[in-house]
Amino acid sequence: MKGLKGSPALKVQVMCEGIRYTDALGRAATHSMPNFYPYRFKQGEHDPTGKGLATIPYLINTRDGTEIRVLGNGDSPWHVEGDREQGYVLIDDRSGQREPVGFEPLDPWMTHKTSDGMPLAQAGLQTHGDMLVINVAPGCEYFLHKHDGRSMRCAFCAYGAPDERTAHLGQVTGQVGIPQRTLERMAEGLHAIVSQTTIRHIYLVGGSLTDARKEGERFLQLARFVKRENRYGIPVALGSGALPDDQIEQFRREQLVDFVCFNLEMWSEPLFAKVCPGKNRYVGYQRWIEALETAVRVFGRGRVYSAMVAGIELDPEHGLEWQEAARLALEGAEELCRRGVIPIYSLMWPPGGKERPDYHERIRGYFEALNLGYSDIRKKYDLHFSPGFMCHRCAYMQIECDLDRQEAAA
Ligand code: SF4
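### Quick word on the overall build of the protein
In terms of regular secondary structure, the protein is built from twelve helices and 16 strands. In terms of overall dimensions, the protein has a C-alpha envelope of 55 × 50 × 50 Å along the principal axes. Each of the 410 residues in the protein was classed as buried or not, and the buried ones make up 46%.

Rendered as structure tokens:
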């Protein structure tokens, strides 16, 4: 049976098993882009901070330029040693494997301020390698609605809650437009980032609105503004929810974006309804797929993507073993590719089932099987990741671009 080799194999292993805390990882955090999730020391684990929490780096860079998301895990066999001067090394306790690594740096813009004194780090911008993510309205209305006692937010989402992180961006619930000042601050950040680091992709994202048309209006405003400011010609992707057909055409007519990425997240209607209740209720599974089909008609094959969460369906509540989950996800990959839509799979740890001794093993088995099978499906339908949309330098939780690069090199 074929399996992953080289950097993609290392990446999947480290993504699935995480990294445990060491002083070296703590040292690396002082000069690296900080992780969205702090490290949480498990009970009994040596905690040199004495606080139970520590800042850790966000992304590892291997020597061949592969990006790996750092996930803290006190039980992991992987740890980091070294320092900035001598270099860092990632070590597997079991095999003794040692990989020289670096970390995504803390670029100067992250500690700079806008002309009116707001930290640029709060201006609705984030980078992942060479991708600039613009998110000036992150608050998602699905967090505000409940049906039958159940929140409408996506089960895996930890970032869309409208809270103090959205207040400074001037986002007000019920208001569709983005404040002009917010856009201007974001533009200052965009120019600073482009002057300090290489950006090859811009990705427009934001929290969802329960009214897809209003969400489309917000994204039209954002995309028009970004088009004006993007004097660098960096390709732009629309990462909204599934929009009405006429709005998809509007984006094309005005040449506002180069790519479309409506995230279906989960193949199969029952799983979609469970994992993404808000998307299911306010847009609907079939309509989501129709919108992707419209986008292919309007933008063309190779320009329409859909991010999928991969692994969350291994949560015990769904009753799936990893082989079955992989088979279902591959069925989805085939169906989407048949329609000219390119899915992209981000690894997501299932919240439940951690007491199982094979917890990490089954995630890995699933993710490897999915990606190997999906690589064949992309070939069958002659679909390729456009380097303008995404590449191995920004894919930190996905391995499609790493696999394609490895194959091209071979
Ligand atoms: S649509 Fe889902 S994933 Fe996106 S912000 Fe809302 S809850 Fe989170």
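The structure having been displayed, the exposition proceeds.
### Description of the site of the ligand
What surrounds the ligand is the set Cys140, Tyr142, Arg153, Cys154, Cys157, Gly160, Gly207, Ser208 and Gly278. Among the residues forming the shell around the ligand, the class breakdown is four nonpolar, four polar and one charged.

### Quick look at the nonpolar core
A general feature of soluble globular proteins is that nonpolar side chains tend to end up buried together. Ranked by internal contacts, the top residues of the largest apolar core, which has 118 residues, are Leu204 and Leu238. In terms of domain composition, this core takes at least three residues from each of domain 1 (6-103) and domain 2 (108-409).

### Points about the packing of helix H10 (residues 322-338) against helix H11 (residues 359-380)
Between H10 and H11, the least distance of the axes is 9 Å, while the angle of their chain directions is 25°. Regarding the angle of H10 to H11, the classification is roughly parallel. Handedness of the H10/H11 crossing: right-handed. Together, Trp322, Ala325, Ala326, Ala329, Leu330, Ala333, Glu334 and Cys337 of H10 and Arg362, Gly365, Tyr366, Ala369, Leu370, Gly373, Tyr374, Ile377 and Arg378 of H11 make up the contact between the two elements. Its residues assigned to classes, the contact of H10 with H11 comprises twelve nonpolar, two polar and three charged.

### Focus on the environment of glycine 365
Mapped onto the elements of the fold, glycine 365 is located in helix H11. Sequence separation between glycine 365 and cysteine 16 is 349 residues, and the spatial gap between their C-alpha atoms is 9.8 Å.

### Considering the domain arrangement of the protein
Structurally, the protein comprises domain 1 (6-103) and domain 2 (108-409). With 15 residues of domain 1 at the interface, the matching set in domain 2 holds 18 residues. Only helix H1 (6-17) and strand E4 (67-69) provide two or more residues apiece to the side of domain 1 that touches domain 2. Class assignment for the residues of the side of domain 1 that touches domain 2 results in six nonpolar, five polar and four charged.

### Re the sheet that holds strand E7 (residues 98-103)
The strand order across the open sheet built from five strands is E4-E3-E7-E6-E5, with neighbouring strands paired in antiparallel fashion. Lying at the two open borders of the sheet, with one neighbouring strand each, are E4 and strand E5 (78-83). On average, each strand axis in the sheet is inclined to that of its neighbour by 40°, with strand direction left out of account. Here three bridges tie strand E3 (residues 59-62) to E4, and the two strands are oriented antiparallel to one another. Paired with leucine 59 across the bridge in E4 is arginine 69.

Reading the values: the criteria
Residues numbered from 1 in each chain as written. Predicted model: local features only at pLDDT ≥ 70, side-chain atom pairs only at ≥ 80, totals over all residues. Helix = DSSP H or I, 4+ residues; strand = E, 2+ residues; numbered from the N terminus. Buried ≥ 20, exposed ≤ 12 C-beta atoms within 10 Å, placed from the backbone. Near = placed C-beta within 6 Å. Nonpolar A, V, L, I, M, F, W, Y, C, P; charged D, E, K, R; others polar. Core = buried A, V, L, I, M, F, W, Y, C linked by C-beta atoms within 7 Å. Domains from an automatic or database assignment. Axes fitted to C-alpha atoms, helices over the stretch in contact; angles between N-to-C directions. Parallel < 35°, antiparallel > 145°, perpendicular 65-115°, else oblique. Left-handed = near helix turned anticlockwise from the far one by under 90°. Contact = placed C-beta atoms within 7 Å. Pairing = 2+ DSSP bridges.

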